[in-house]
Amino acid sequence: MERSMDKMGKRGLKKAKEVGEEGVIYPRHIKDRLDKALANIVAAKTDEEKFVAMKEYSKEMVEAKSEQERRMELVEFKGKQIHRFELWAMEAIVQEINEDYAEQRIVDPDFERPDFSMDEFNPAVRDNRIEAIGYDFSCITRIPKSINLLVNLKALYLVGHKIKKIENLDNLIKLETLRLDNNEIDKIENIDGLKSLKYLYLAGNKQISTRVPAVGDQVIELERTRGIIINVDAH
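**Considering the overall build of the protein chain**
Thought 1: When helices and strands are counted, the protein chain shows five helices and eight strands.
Thought 2: Starting at the N terminus and walking to the C terminus, you meet the elements of the protein chain as α-α-α-β-β-α-β-β-β-β-β-α-β.
Thought 3: In the protein chain, once contacts between residues fewer than 6 apart in sequence are set aside, the share between residues at least 24 apart is 41%.
Thought 4: Carbon and sulfur atoms make up 50% of the accessible area of the protein chain, which totals about 13,500 Å².

What follows is the structure, encoded as C-alpha cells:
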C-alpha cells in the first residue's frame, strides 16, 4: 500500500509540474489550491493521510478543469470571438487603470482624465487570440498587473504615460514588441522572462540613454546575447 501511494504521489507531482510549466492554464487562486493539495500529499506520513490528501487533490483538479473550460468559452467582443478569460483580463486592466486615475485625483485635485472604458480598449484580435493591445498618450503610472493574463500577447504599446518601471510582464513569453516610449522609466529591468522579445522601444525616457555608460553597456549586451533591437535614444 505504501509503495502504491508513493506512485500516486509521484503522478500527482508530475501533473502539478505540468500545470506549472503551462504557466497560466489555471487562475492563480486555483493553482495555489492545487499546490497546497499537492504539498499535503508530500507531507502525509501514513497511507490514510496520503489517501485523504490524494482525494482532495483529485477534487481540486476536477474544479480546476471546470474553471478552465469556463475560461475557454468564446464570447463576443467588438464583433470578434475571444476567450472569456481574455475578456476578464481586459476588464481587470480597465479597473486597474481607473484605480490608478483615482489615486492620482486624490494626490492632485486638478488631475483631469476621463475614466478608461472597454470602448477605448481596441485590441487587435487574430485567430481568437488577443495578440496586440495599445493605450497611448494618457496618464497611467504603472503597467497593469492584469496584462500578465494575456499570455498570447505579441505586441504591447503603452506610449506617452507616466510609467516608472518595467514590471508585470513575466508571463508574456510570446511578446515580441514592447513600446514604452515617452514614459518615466529609469532602468531596463524585468525582461528576462520575455523570451520572444525582439523590439524594445524606450526613447523619451530621460534617464535611459546610451550616453549613460551603464545603460549603453546593458543595451550592447542585450543586443549581443539576445538579439533584441533596442531604441533608447530619440532621434
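**A closer look at the pairing of strand E2 (residues 80-83)**
Thought 1: The pairing of strand E1 (residues 74-77) with E2 spans four bridges and is classified as antiparallel. Following the sheet pairing, leucine 74 is matched in E2 by histidine 83.
Thought 2: Between the end of E1 and the start of E2, which pair antiparallel, lie two residues, with lysine 78 showing a positive phi angle near 50°.

**So, the environment of leucine 175**
Thought 1: Looking at where leucine 175 falls in the secondary structure, it is placed in the loop between strand E5 (155-157) and strand E6 (177-179).
Thought 2: For the pair leucine 175 and leucine 153, spaced 22 residues apart in sequence, the C-alpha separation works out to 5.5 Å.
Thought 3: The residues touching leucine 175, leaving out its near neighbours within four places in the chain, are Leu153, Lys154, Ala155, Leu156, Leu194, Ser196 and Leu197.

**A word on the packing of aromatic side chains**
Thought 1: Counted under the stated rule, the structure contains two aromatic pairs.
Thought 2: For the ring pair tyrosine 101 and phenylalanine 111, a centre distance of 5.8 Å and an interplane angle of 50° mean the geometry is tilted. Taken together, the positions of tyrosine 101 in helix H4 (residues 84-107) and phenylalanine 111 in the loop between H4 and strand E3 (124-126) put the pair ten residues apart, joining distant regions of the chain. The pair formed by tyrosine 101 and phenylalanine 111 is uniform in burial state, with each residue classed as buried.
Thought 3: Taking the centre distance of 4.1 Å and the plane angle of 35° together, the rings of phenylalanine 116 and tyrosine 135 count as tilted. One end of the pair, phenylalanine 116, is in the loop between H4 and E3; the other, tyrosine 135, is in the loop between strand E4 (129-134) and E5, with 19 residues separating them in the sequence. Comparing phenylalanine 116 with tyrosine 135, the two get one shared label, buried.

**Re helix H5 (residues 213-226)**
Note that an α-helix has 3.6 residues per turn; residues three or four places apart therefore point the same way.
Thought 1: When the terminal C-alpha atoms of H5 are compared, their 20 Å separation across 14 residues agrees well with the 20 Å that a helix rising 1.5 Å per residue should span.
Thought 2: The complete set of buried residues in H5 reads Val215, Gly216, Val219 and Leu222. Down the axis of H5, the buried set is contained in an arc of 130°. They therefore lie on one face. Turned more than 90 degrees from where H5 packs its buried face, Pro213, Ala214, Asp217, Ile220 and Arg224 sit exposed.
Thought 3: Against the buried residues of H5 lie strand E8 (229-231).
Thought 4: Downstream of H5 by one or two residues, glycine 227 has phi in the positive range, about 70°.

**Remarks on unusual backbone geometry**
Thought 1: We note that phenylalanine 137 has phi near 50°; this positive angle belongs to a residue other than glycine.
Thought 2: Topologically, phenylalanine 137 is positioned in the loop between E4 and E5.
Thought 3: Look at phenylalanine 137 and you get exposed, because its relative accessible area is 57%.
Thought 4: The phi dihedral of asparagine 190 is positive, around 60°, even though this residue is not glycine.
Thought 5: Looking at where asparagine 190 falls in the secondary structure, it is placed in the loop between E6 and strand E7 (199-201).
Thought 6: Taking relative accessible area as the criterion, asparagine 190 reaches 43% and is therefore assigned partly exposed.

**Thoughts on the pattern of salt bridges**
Thought 1: The tally for this structure, following the rule as stated, stands at eight salt bridges.
Thought 2: Here arginine 33 makes a salt bridge to glutamate 60, at a shortest N to O gap of 3.0 Å. Here arginine 33, found in helix H2 (residues 28-43), pairs with glutamate 60, found in helix H3 (residues 47-71); they are 27 residues apart in sequence, far enough to count as distant.
Thought 3: Of the residues examined, arginine 33 reaches a relative accessible area of 32% and is grouped as partly exposed.
Thought 4: Since its relative accessible area comes to 11%, glutamate 60 is described here as buried.

**Considering the confidence of the model for the protein chain**
Thought 1: Overall, the predicted model of the protein chain reaches an average pLDDT of 83, with 85% of residues at or above 70.
Thought 2: Note on residues 1-25: pLDDT is under 50 here. Beyond four places in sequence and across chains, it has 28 contacts.

Calculation notes
Residues numbered from 1 in each chain as written. Predicted model: local features only at pLDDT ≥ 70, side-chain atom pairs only at ≥ 80, totals over all residues. Heavy atoms only, no water. Helix = DSSP H or I, 4+ residues; strand = E, 2+ residues; numbered from the N terminus. Contact = heavy atoms within 4.5 Å. Areas by Shrake-Rupley, 256 points an atom, 1.4 Å probe, with all protein chains shown as cover. Pairing = 2+ DSSP bridges. Phe/Tyr/Trp six-rings, centres within 6.5 Å; stacked < 30°, edge-to-face > 60°. Buried < 20%, exposed > 50% of the residue type's maximum accessible area, 1.4 Å probe, protein only. Expected span 1.5 Å × (residues − 1). Arc of directions from axis to C-beta. Salt bridge = Lys/Arg side-chain N within 4 Å of Asp/Glu carboxyl O. pLDDT = per-residue confidence, 0-100.

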